[in-house]
Amino acid sequence: VEDLLPYAFIYRHLTPMLERAGANVLLPRERDPQPNQAIVDNDGRDNGRYAERGRWRDGGDGFAHRPPYRGTTNPFTLGSARQMRSASEASGEAVWTPEIPETGDYAVYVSYEMGDDRVEDARYIVRHAGGATRFAVNQTMGGSTWIYLGTFTFARGADANLASVTLTNASATPGRTVSADGVRFGGGMGEIERGGKTSGRPRWLEGARYYEQFAGFPDSTVYAVSGETDYKDDYQSRGEWANYLRGAPFGPTDDRDARGLRIPVDLALAFHTDAGRTTDGSVIGTLLIYNTQGMDTTRVFPDGRSRRANRRLAELAREEIVGDLRANWKRDWTFRDFWNRPYSEATRPNMPSLLLELLSHHNPTDMRYALDPRFRKDASRSIYKSIGRFLAEQNGTRFIPQPLAPTHLVATFDGGNVVVSWMPQADPLEPLARARQYVLYRR
């Protein structure tokens, strides 16, 4: 259990900002604080809550929910998956209907067996209290793990019309393969057994080492890479987890040729808040750690790009984070330094990476800011902008920040209608961040 303060930035602010900008954000720890969980899987023990229609057949290894998971047990090798030939029109479907234990918001994750013959548009429908939401998932990547679709409200004990996930075999590429395995609703409680027991805590409170095991990653090259203690595994595994997401030739340090999950990871960010203490009432402030030499001691990434990209990412992070915090919060916000040092999370990733020490949760003055939700939002926006500017620069494009959220949101009844109004919010630090139009979602 470590690093809970960054979660308040990452879950509430930074991840949604990146996702609204079009990113797919993957986290090495559980993202959903929902302590309840409902898992529906084709391998039974769920009272018929998994159902099929059409010509499904055995699809190889898959997930099975058989906690607690001891030693280095991989849940995604304990069961089986299913598969079916794709068609231009749906001729079959798989349906997962959970028994929701308590009304609330639940993250929805799907799993499947990936392969070169899989469809790139596996069509899922999530039915929830707000309606039905559709997804197209590329099954040539991201297999044998939990792929996040979104977070939705479900009612306790709802029927299939209000709580279910459906996968059809319809695809723009008929004649390929659609894979089906387990579906998970909610973050749940920790299920990795250590020392004869599980943690007794919600999964999101547990370190990365435990989630990576639950999510089907290999032990010796990813979550047990140190070969020593869970504490060392927790921080050393995170960069290797990112490498395994991408796969050969960017694979983990001890197995560069591992196929991995084939997800084209652009950037890895390690977010920390444990940078020291003072007794004079000052702010410890921000430290940026990068490394221009990888675990193989070369100064280039596996694709030949210079690891000095890490330094450039750090420079942009200083401009955005320190500059914005000085403009909005504290005129002399401390910038501690750039460190080019072999910290695990700055060295292991085989893609541009940065280890950010935003502030110090050990220091009372820093915590005056860190506990303010407005500060968390502003700091997260600065981190989002530094990532956006870096990726735009790397790709030769222009970065235009998202507008700030509108203010004065009001909904009033007018006869049989509802009138919704709001006001745009200008960003004095970003003149380009202006809304041209708004999209209104109804649920």
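Every chain begins its residue count from 1, and numbering advances along the sequence as written. Local features are withheld for residues below a pLDDT of 70 in this predicted model, meaning they are given only at 70 or higher, and side-chain atom pairs are given and counted only at 80 or more; totals for whole chains, interfaces and linings count all residues. In computing side-chain values, all of the structure's heavy atoms are included and hydrogens and water are not.

Thoughts on the overall build of the protein
At step 1: In terms of regular secondary structure, the protein is built from eight helices and 18 strands.
At step 2: Any residue under 20% of the maximum accessible area for its type is buried, any over 50% is exposed, and the rest in between are partly exposed; the area is computed with a 1.4 Å probe on protein chains only. For the protein, the proportion of its 443 residues judged to be buried stands at 52%.
At step 3: Any two residues having at least one pair of non-hydrogen atoms within 4.5 Å are treated as being in contact. Partitioning the contacts of the protein with sequence separation of at least 6, the portion at a separation of at least 24 is 72%.
At step 4: Carbon and sulfur atoms make up 48% of the accessible area of the protein, which totals about 20700 Å². A run of H or I in DSSP becomes a helix once it reaches four residues, and a run of E becomes a strand once it reaches two; helices and strands are each numbered from the N terminus. Note that accessible areas follow from Shrake-Rupley with a 1.4 Å probe, and for residues the cover is restricted to the protein chains shown.

What to know about the sheet that holds strand β7 (residues 122–128)
At step 1: Pairing between two strands requires that DSSP report at least two bridges joining them. As summarised here, the arrangement of the five strands in space is β2-β5-β10-β7-β8, forming an open sheet in which the pairing is antiparallel. Only two strands of the sheet have a single partner each, and these edge strands are β2 (50–53) and β8 (131–137). Averaged over all pairs of adjacent strands, the angle between their axes in this sheet comes to 15°, without regard to strand direction.
At step 2: Sheet topology places β7 next to strand β10 (residues 164–168); five bridges connect them, and they run antiparallel. Within β10, the residue paired with Y124 across the bridge is L167. Lines fitted to the C-alpha atoms define the axes, with helices restricted to the stretch that makes contact. Angles between their N-to-C directions range from 0 to 180 degrees.

What about the nonpolar core?
At step 1: Put simply, a nonpolar core is a bunch of buried Ala, Val, Leu, Ile, Met, Phe, Trp, Tyr and Cys residues held in one set by side-chain atoms that sit within 4.5 Å of each other. Core analysis: the biggest nonpolar cluster contains 39 residues, and F271, L288, W333, L358 and F375 have the highest contact counts within it.
At step 2: Elements that contribute at least two residues to this core include exactly α1 (4–20), β14 (286–290), α5 (309–328), β15 (335–340), β16 (353–357), α7 (364–370) and α8 (373–395).
At step 3: A per-element tally of this core places α5 first, with eight residues.
At step 4: In this structure, F375 is in contact with F9, L325, W329, W333, L358, L359, Y369 and A370, ignoring residues within four places of it in sequence.
At step 5: Core analysis: the second largest hydrophobic core is formed by 30 residues, I100, V119, Y124 and L167 among them.

What about the packing of α5 against α8?
The description of two helices packed together rests on the angle between their axes and the distance between the axes.
At step 1: Interaxial distance between α5 and α8 falls to 9 Å at its minimum, and their mutual angle equals 145°. Handedness of the crossing formed by α5 with α8: right-handed. Touching A309, R312, L313, L316, A317, E320, I321, D324, L325 and N328 of α5 are F375, D378, A379, S382, I383, K385, S386, R389, F390, E393 and Q394, all from α8.
At step 2: The residue inventory of the contact of α5 with α8, partitioned by class, reads ten nonpolar, four polar and seven charged. The hand of a helix crossing depends on one turn: near helix anticlockwise from the far one by less than a right angle means left-handed, and clockwise means right-handed. Charged residues are taken to be Asp, Glu, Lys and Arg, nonpolar residues to be Ala, Val, Leu, Ile, Met, Phe, Trp, Tyr, Cys and Pro, and polar residues to be all remaining types, Gly included.

Things to note about α1
At step 1: Here the expected span of a helix is defined as 1.5 Å times the quantity of residues minus one. In a regular helix each residue adds 1.5 Å, so 17 residues correspond to 24 Å; α1 covers 24 Å between its end C-alpha atoms and thus fits that length.
At step 2: Turning to α1, its buried residues are L5, P6, Y7, A8, F9, I10, H13, L14, T15, P16, M17 and L18.
At step 3: The inward-facing, buried residues of α1 contact β13 (268–272), α7 and α8.
At step 4: Of the residues one or two after α1, G22 is the one with positive phi, at around 105°.

Let's talk about the environment of M367
At step 1: Relative to the helices and strands, M367 is located in helix α7.
At step 2: Residue M367 is classed as buried on the basis of its relative accessible area of 18%.
At step 3: Separated by 94 residues in the primary sequence, M367 and T273 place their C-alpha atoms 9.9 Å from one another.
At step 4: Aside from chain neighbours lying at most four places away, what touches M367 is L5, S360 and H361.

Topic: the side chain of S226
At step 1: Within the secondary structure, S226 sits in the loop between α3 (219–223) and α4 (230–246).
At step 2: A distance of 3.0 Å separates a polar atom in the side chain of S226 from the backbone nitrogen of E228.
At step 3: Once residues lying within four places of it in the same chain are set aside, the contact partners of S226 are K232, D233 and Q236. N or O atoms closer than or at 3.5 Å make up a polar contact, with two conditions inside protein: a donor-capable atom paired with an acceptor-capable one, and, for residues adjacent in sequence, both atoms drawn from side chains.

Comments concerning the sheet that holds strand β3 (residues 57–62)
At step 1: Ordered by their spatial adjacency, three strands build an open sheet running β3-β4-β11, and the pairing between neighbours is antiparallel. Every interior strand has two partners, whereas the edge strands, β3 and β11 (177–180), have only one. With strand direction ignored, the average angle separating the axes of adjacent strands in the sheet is 35°.

What about the packing of α1 against α8?
At step 1: Relative to each other, α1 and α8 sit at 55°, their axes nearing to 9 Å. As summarised for this structure, α1 and α8 are arranged oblique, according to the angle between their axes. The interaxial crossing formed by α1 with α8 has right-handed handedness. Residues L5, A8, F9, H13, L14, M17 and L18 of α1 form the contact with α8, whose own contacting residues are P373, F375, R376, K377, A379, S380, R381, I383, Y384 and I387.
At step 2: Among the residues forming the contact of α1 with α8, the class breakdown is twelve nonpolar, two polar and three charged. Any angle between 65 and 115 degrees counts as roughly perpendicular, while under 35 counts as roughly parallel, over 145 as roughly antiparallel, and the rest as oblique.

Concerning the pattern of salt bridges
Note that side chains of opposite charge can pair when their charged atoms are close.
At step 1: Note on definitions: salt bridges are taken to be side-chain nitrogens of Lys or Arg within 4 Å of carboxyl oxygens of Asp or Glu. Using the criterion set out here, one finds 29 salt bridges in the structure.
At step 2: A salt bridge links E320 to K385, with the shortest nitrogen-to-oxygen separation between them at 3.4 Å. Here E320 is found in helix α5, whereas its partner K385 is found in helix α8, with 65 residues between them in sequence.
At step 3: Residue class for E320 comes out buried when judged on its relative accessible area of 7%.
At step 4: Taking relative accessible area as the criterion, K385 reaches 1% and is therefore assigned buried.
At step 5: K385 is the partner of E430 in a salt bridge, and the nearest nitrogen-oxygen pair spans 2.8 Å. Here K385 lies in helix α8 and E430 lies in the segment after β18 (417–423), a separation of 45 residues in the sequence.
At step 6: In this structure E430 comes out as buried when scored by relative accessible area, which is 9%.
At step 7: One connected set of salt bridges, linked through shared partners, spans E320, D324, K385, R389 and E430.

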